[in-house]
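# Residue-level structural notes
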Amino acid sequence: MSTTVPAPSRLRLRDVLRVGGAGLRTRPGRVFLSALGIAIGIATMIAVIGISASGQEQLMRQLDRLGTGLLRVEAGSTFSGEEARLPARAVAMVREVEAVRHAGATGTIAVAIRRTDRIPKELTGGITVQAATFDLLSTLDGQVRAGSWLNEATARYPAVVLGSVAAERLGVTGTGMRVWIGDRWFTVIGILGPMPLAPEIERSALIGFAAAQKYFQFDGHPTTIYERSAEESVEAVRALLARTVNPENPEHVAVSRPSDALAARAAAAGTFTGLLLGLGAVALLVGGVGVANTMVISVLERRREIGLRRSLGATRGQIRMQFLTESLILSVIGGGGGLVIGVLVTMAYALMQGWPAVVPPWVIGGTLAATLTVSLIAGIYPAVRASRVPPSVALAMI
């Protein structure tokens, strides 16, 4: 008489998902808290990378809009450590370079600017008074927000154009108002818009070279020269500027590229992102520990259920699959919620800052992959432990 060995039971994918989901529905509070831990980690990683990417995209767009062909020339130091001076004809010599499109200059004047003559001289608000050439505005590609720029007529009289920050600090809201510079009144004829590549101009009060020489004995030597050329000619012009400005002592001349500062900011933002990304990874790890803790407690509480399933023919592999499925579903819920939260936070922050909202596609795939990996690792031990529960447990607890 032959005996037939029953075939081992099999679970379809649909059955595995249903069984795994049923185990989570019985403990909604604990499942919510565990999923919240995963969501916080994922949301942190998405938001950190998304906000950083949005800021970098804004910087790159700003660079594209402003151009990278602007160079700034300033006086360096002599061998004895004294501050050098640029020649009075330096701007004219820069304009003679073939590839140069625009060149303008400013010269610092050692006087204070105040809203009225009753304010102490020490309270300058960080505003610098500078003489400016007519073509400074076109060189910096700046805009006059109100009023007009200096010209041949106004440059000879007590007329001043304020940078955007200078106007705000002085409380000047429009043209026609007067400010006290040195020991006399100057009439505000213009207010400039923002200048990201020359923030020092935003904090300056600009008067004509002729007026500076007439009222403040300005010597005519520029402090800073701004030069703009085509982007493909920048490096060639940069190599010539020091010798052009000061042929006798080119080592006394410092040439810089303002757009490099914006690029450096983007690089610094990327470095800071790495630090915050590490914090997000720690949060994700903490969420994984929460999943593991939930699954271990679930195994302890459901030993009777596990033993009963084993006595009815469920194999160890099926028990392991059940608990691994519960762990994965729990992490998918948390990961999906964290993904939505992270994207919304990124969009909200970018909108408040006026940036383009950017969430790199690889971030979404990478964080979800990290979530599944963490949940898989967190669920292995509870799943193995559940599969080792003997069927006799169910009988002993009935």
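To keep things clear, this report deals only with the structure shown in the data block. (Residues numbered from 1 in each chain as written. Predicted model: local features only at pLDDT ≥ 70, side-chain atom pairs only at ≥ 80, totals over all residues. Heavy atoms only, no water.)

### Let's talk about the overall build of the protein
On a plain count of helices and strands, the protein comes out with 13 helices and 11 strands. With 398 residues in all, the protein has 46% of them scored as buried. Long-range contacts, defined as pairs at least 24 residues apart, comprise 80% of the intrachain contacts of the protein with a sequence gap of at least 6. Of the roughly 20,300 Å² of accessible surface on the protein, a fraction of 61% belongs to carbon and sulfur atoms. (Helix = DSSP H or I, 4+ residues; strand = E, 2+ residues; numbered from the N terminus. Buried < 20%, exposed > 50% of the residue type's maximum accessible area, 1.4 Å probe, protein only. Contact = heavy atoms within 4.5 Å. Areas by Shrake-Rupley, 256 points an atom, 1.4 Å probe, with all protein chains shown as cover.)

### A look at the packing of aromatic side chains
Per the stated rule, a full pass over the model turns up 5 aromatic pairs. With a centroid separation of 5.3 Å and an interplanar angle of 80 degrees, the aromatic rings of Phe209 and Phe218 are classed as edge-to-face. Across the pair, Phe218 and Phe209 agree in class, each one buried. Three or more aromatic residues link up through ring pairs in this structure, and these residues are Phe186, Tyr215 and Phe216. Note that Arg178 overlies the ring of Trp185, its terminal NZ or CZ placed 4.6 Å from the centroid. (Phe/Tyr/Trp six-rings, centres within 6.5 Å; stacked < 30°, edge-to-face > 60°. Lys NZ or Arg CZ within 6 Å of the ring centre and 35° of its normal.)

### Structural notes on the pairing of strand β6 (residues 159–162)
Residues Ala159 and Val161 point to one face of β6 and Val160 and Leu162 to the other, with burial holding for every one of them. By the bridge criterion, 4 bridges tie β6 to strand β8 (residues 184–192) in an arrangement that is parallel. From the neighbouring strand, Val160 faces β8, where its bridge partner is Val188. Relative to strand β9 (residues 204–208), β6 runs antiparallel, the two being bridged by 2 bridges. Directly across from Leu162, in β9, lies its bridge partner Ala205. (Pairing = 2+ DSSP bridges.)

### Some thoughts on a nonpolar patch on the surface
Together, Phe32, Leu33, Leu36 and Ile40 give the surface a local cluster of nonpolar side chains, amounting to about 410 Å² of exposed area. Among the structural elements, Phe32 can be located in helix α2 (residues 28–66). Residue class for Phe32 comes out exposed when judged on its relative accessible area of 53%. (Patch = residues over 30% accessible without salt bridge, like charges linked within 9 Å, V, L, I, M, F, W, Y side chains within 5 Å. Salt bridge = Lys/Arg side-chain N within 4 Å of Asp/Glu carboxyl O.)

### Digging into the side chain of Arg228
Inspection of the secondary structure assignment puts Arg228 in strand β10 (residues 224–229). Buried and unpaired, Arg228 has no salt bridge, with Asp141 as the nearest side chain of opposite charge at 5.4 Å. One polar contact links the side chain of Arg228 to the main-chain carbonyl oxygen of Thr139, over a distance of 2.7 Å. (Lys, Arg positive; Asp, Glu negative; His and termini not counted. Polar contact = N/O pair within 3.5 Å; in protein donor to acceptor, adjacent residues only side chain to side chain.)

### Considering the pattern of salt bridges
Using the criterion set out here, one finds 5 salt bridges in the structure. Asp135 is the partner of Arg95 in a salt bridge, and the nearest nitrogen-oxygen pair spans 2.5 Å. Remark: Asp135 occurs in the loop between β4 (128–132) and α4 (136–139) and Arg95 occurs in helix α3 (residues 90–95); sequence separation between them is 40 residues. Take Arg95: its relative accessible area is 39%, and that puts it in the partly exposed class. A salt bridge links Arg238 to Glu235, with the nearest nitrogen and oxygen atoms 4.0 Å apart. With a gap of 3 residues between them, Arg238 and Glu235 both fall in helix α8 (residues 234–245), about one helical turn apart. Bridged by salt links that share partners, the residues Glu235, Arg238 and Arg257 form one connected network.

### Digging into the nonpolar core
Residues Ile113, Val160, Leu162, Val179 and Ile181 are the most contacted members of the largest nonpolar core, which totals 24 residues. Contributions of two or more residues to this core are made by β4, β6, α5 (164–170), β7 (178–181), β8, β9 and α7 (209–216). Looking at this core, the element that brings in the most residues is α7, giving 5 residues. The residues contacting Ile181, other than those within four sequence positions of it, are Val111, Ala112, Ile113, Val129, Val160, Phe186, Ile207 and Phe216. Core analysis: the second largest hydrophobic core is formed by 18 residues, Val91, Met93, Val97 and Ala242 among them. (Core = buried A, V, L, I, M, F, W, Y, C linked by side-chain atoms within 4.5 Å.)

### So, α7
Listing the buried residues of α7 in full gives Phe209, Ala211, Ala212, Tyr215 and Phe216. For α7, the angular spread of the buried residues around the axis is 160 degrees, confining them to a single face. Those residues of α7 hidden inside the fold are in contact with β2 (100–109), β4, β7, β8 and β9. Positive backbone phi, at 55 degrees, marks Gln217, one or two positions downstream of α7. (Arc of directions from axis to C-beta.)

### Notes on the environment of Val179
Inspection of the secondary structure puts Val179 in strand β7. Sequence separation between Val179 and Ala159 is 20 residues, and the spatial gap between their C-alpha atoms is 9.7 Å.

### Regarding unusual backbone geometry
What you tend to see is this: most non-glycine residues have negative phi, and most peptide bonds are trans. One non-glycine residue, Asp141, adopts positive backbone phi at about 55 degrees. Considering the arrangement of structural elements, one finds Asp141 in the loop between α4 and β5 (144–147). For Gln217, which is not glycine, the phi dihedral falls at a positive 55 degrees. Mapping Gln217 onto the fold places it in the loop between α7 and β10.

### Some remarks on the environment of Ala159
One can find Ala159 in strand β6. Those residues in contact with Ala159, other than ones at most four positions away along the chain, are Leu150, Thr154, Phe186, Thr187, Ile189, Leu206 and Ile207.

### Remarks on the side chain of Thr224
Looking at where Thr224 falls in the secondary structure, it is placed in strand β10. If near-sequence neighbours (up to four positions away) are discounted, Thr224 is found in contact with Arg72, Val73, Glu74, Gly104, Ala105 and Thr106.

Distances and angles like these do not, on their own, reveal function.
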